[in-house]
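Observations on the three-dimensional arrangement
So you can see what is in the structure, the chains are spelled out below.
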Amino acid sequence: MPLATVSLPGRDPASLPASSALELRGITKYFGGYPALSDLTLSVPRGSRTGIIGRSGAGKSTLVRLLSGLETPDSGELYRNGENLLALSPAQARARQRRTGLVFQHFNLLSQRTALHNVALPLELAGVSAKKREALAHEALTQVGLGELVGRYPAQLSGGQKQRVGIARALVTGPDLLLADEATSALDPETSASILELLIRLQRERDLTLVIVTHQMEVIRSVATHVAVLDQGHLAESGETKQLLAQPRHAVTRALLGAAPQVHLAAGQVLRQVTLPALDAAVLARLAALGGSVVEAHQGRGQTACWLAVPESVSLADLWAQMLAPKRAWHDPRFHLAAAWKGCP
Ligand SMILES: Nc1ncnc2c1ncn2[C@@H]1O[C@H](COP(=O)(O)OP(=O)(O)OP(=O)(O)O)[C@@H](O)[C@H]1O
């Protein structure tokens, strides 16, 4: 599908940072009245490896689809190398799409085609001659280490090899932007590491801008020079990876890092992390009765992740039983038992 042809009030390209591969300004995308992305403003530096991280439903895949031209935003501005992508003709949009490589979590290879013919497909669609596209596909497969396996069908390849084919296919048209959506999530840790190393090598060799979407902080740590944290369609925070991970400002970043907030606790108090269905007045009252207070709470869909300051003597089991059991006792046998054990009503 082509990129949008809607004309939005364009920004003077001179006002955009020259070093940006991508500039998103106030991007909003709705699905069925619900905002999957909300007023998202983000810069992706040219030549960076930018990680997009967030929990399930944060809007990561929606963002990738917008950047690849598979979706159009409902409002906002989207620039690539200073060019307003939302003001292109369909033909121009298709040309820009060929400069964008996409790598998928589940490889998306055609089972009836060999590795060579899977990689050659984007060139075929672009009208490149058979001889030339096979030569280019062979070269791309060699670059990802599969020069010997060009005649294999997907069913004859391992998961890691399939993803190498996916990467070769993404690069065969010579893009300057590579979007990888959970590219290693379906792979075992060792294979994931080798695919991430390959992405780093290719990004350097080809001077690409790599946008890598993941829900795994290890991927961000090992690959990304820059990172943007999404939370329920909003940008929670963004910056250089080293700095952002050393000093996470947003609760969702800390939750993804498994890091506790930096707070000064009273003597005899400790921090405990719990995820609650809700942080309502009744739960807060029970927490206060235990001598505890909320240090940080992060509301997700259907649950709230909390850091609580409580007296050292209040264990996690106490918190669960005393704060939740009264609400849940009749619905969840585990809490029923916990409540009975703790003598809760
Ligand atoms: N085509 C669609 N139609 C309706 N709702 C959608 C569609 N695509 C995404 N959504 C909704 O938009 C929100 C963001 O979804 P998205 O897939 O972008 O999140 P994500 O961060 O990639 O999640 P995950 O890590 O689980 O893939 C979710 O609430 C999702 O249900």
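Below: a short report on this structure. (Residues numbered from 1 in each chain as written. Predicted model: local features only at pLDDT ≥ 70, side-chain atom pairs only at ≥ 80, totals over all residues.)

A look at the overall build of the protein
Here is the rule: The way it works is that DSSP assigns letters per residue, a run of H or I at least four long becomes a helix, a run of E at least two long becomes a strand, and they are numbered from the N terminus. Whether a residue is buried, exposed or partly exposed follows from its count of other C-beta atoms within 10 Å of its own C-beta, namely 20 or more, 12 or fewer, or something in between, respectively; the C-beta atoms are built from the backbone.
The number of helices and strands found in the protein is 12 helices and 13 strands. Counting all 345 residues of the protein, 37% fall into the buried class.

A word on the environment of L123
Put simply, the rule reads: The contact rule is simple: place each C-beta atom from the backbone, and if two of them lie within 7 Å, those residues are in contact.
Within the fold, L123 resides in helix α3 (residues 115-125). The class of L123 is buried, set by 22 C-beta atoms lying within 10 Å. Taking the C-alpha atoms as reference points, L123 and G101, separated by 22 residues in sequence, lie 12 Å from one another. The contact partners of L123, leaving out residues within four places of it in the chain, are V128, R133, L136, V172 and T173.

Overview of the packing of helix α5 (residues 159-171) against helix α6 (residues 189-206)
The line we're drawing: Here an angle of 0 to 180 degrees is reported between the N-to-C directions of two axes, which are lines fitted to C-alpha atoms, with helices fitted over the stretch in contact. Throughout, the term roughly parallel applies to angles under 35 degrees, roughly antiparallel to angles over 145, roughly perpendicular to angles from 65 to 115, and oblique to all others. It is the rotation of the near helix from the far one that decides the hand of a crossing: anticlockwise by less than a right angle makes it left-handed, clockwise makes it right-handed.
Close contact between α5 and α6 brings their axes to 10 Å; oriented N to C, the two are set at 20°. Our classification of the angle between α5 and α6 gives roughly parallel. Helix-helix and strand crossings are classified by hand; for α5 and α6 the assignment is right-handed. Here G159, G160, Q163, R164, I167 and L171 of α5 lie close against α6, whose contacting residues are T191, S194, I195, L198 and L202.

Concerning the nonpolar core
Most often, soluble globular proteins keep nonpolar side chains buried together rather than apart. The condition is simple: Put simply, a nonpolar core is a cluster of buried Ala, Val, Leu, Ile, Met, Phe, Trp, Tyr and Cys residues tied together by C-beta atoms within 7 Å.
Judged by nonpolar contacts, the single largest core of 70 residues is most densely connected at V119, A140, L141, A168, A180 and I212. Other than its neighbours up to four places away in sequence, I212 contacts R49, G51, A180, A183, V219, V223 and A224. Judged by nonpolar contacts, the second largest core, of 11 residues, contains V295, V310, L319 and M323.

Focus on the environment of L102
Its location among the elements puts L102 in strand β6 (residues 100-103). Note on L102: 23 C-beta atoms within 10 Å, which makes it buried. Distance from L102 to R249, taken between C-alpha atoms, is 31 Å for residues 147 residues apart in sequence.

Examining the site of the ligand
What counts, and what does not: Nearness is defined per residue: the C-beta atom, placed using the backbone, must lie within 6 Å of the molecule or strand. When residues are sorted by character, Ala, Val, Leu, Ile, Met, Phe, Trp, Tyr, Cys and Pro go into the nonpolar class, Asp, Glu, Lys and Arg into the charged class, and all the rest, Gly among them, into the polar class.
Neighbouring the ligand are the residues F31, G32, A36, G54, S56, G57, A58, G59, K60, S61, T62 and H215. Of the residues that constitute the shell around the ligand, the class distribution is three nonpolar, eight polar and one charged.

Considerations on the sheet that holds strand β10 (residues 234-240)
Note the threshold: For two strands to be treated as a pair, DSSP must find no fewer than two bridges joining them.
The strand order across the open sheet built from six strands is β6-β7-β8-β3-β9-β10, with neighbouring strands paired in mixed fashion. Of all strands in the sheet, those bounded by a partner on one side alone are β6 and β10. Direction aside, neighbouring strands of the sheet carry axes that sit 15° apart on average. Relative to strand β9 (residues 226-231), strand β3 (residues 49-54) runs parallel, the two being bridged by five bridges. Within β9, the residue paired with G54 across the bridge is L230. On the sheet, helix α1 (residues 60-67) packs against β3, β7 (177-181), β8 (209-214) and β9 and is oriented at approximately 155° with respect to β7.

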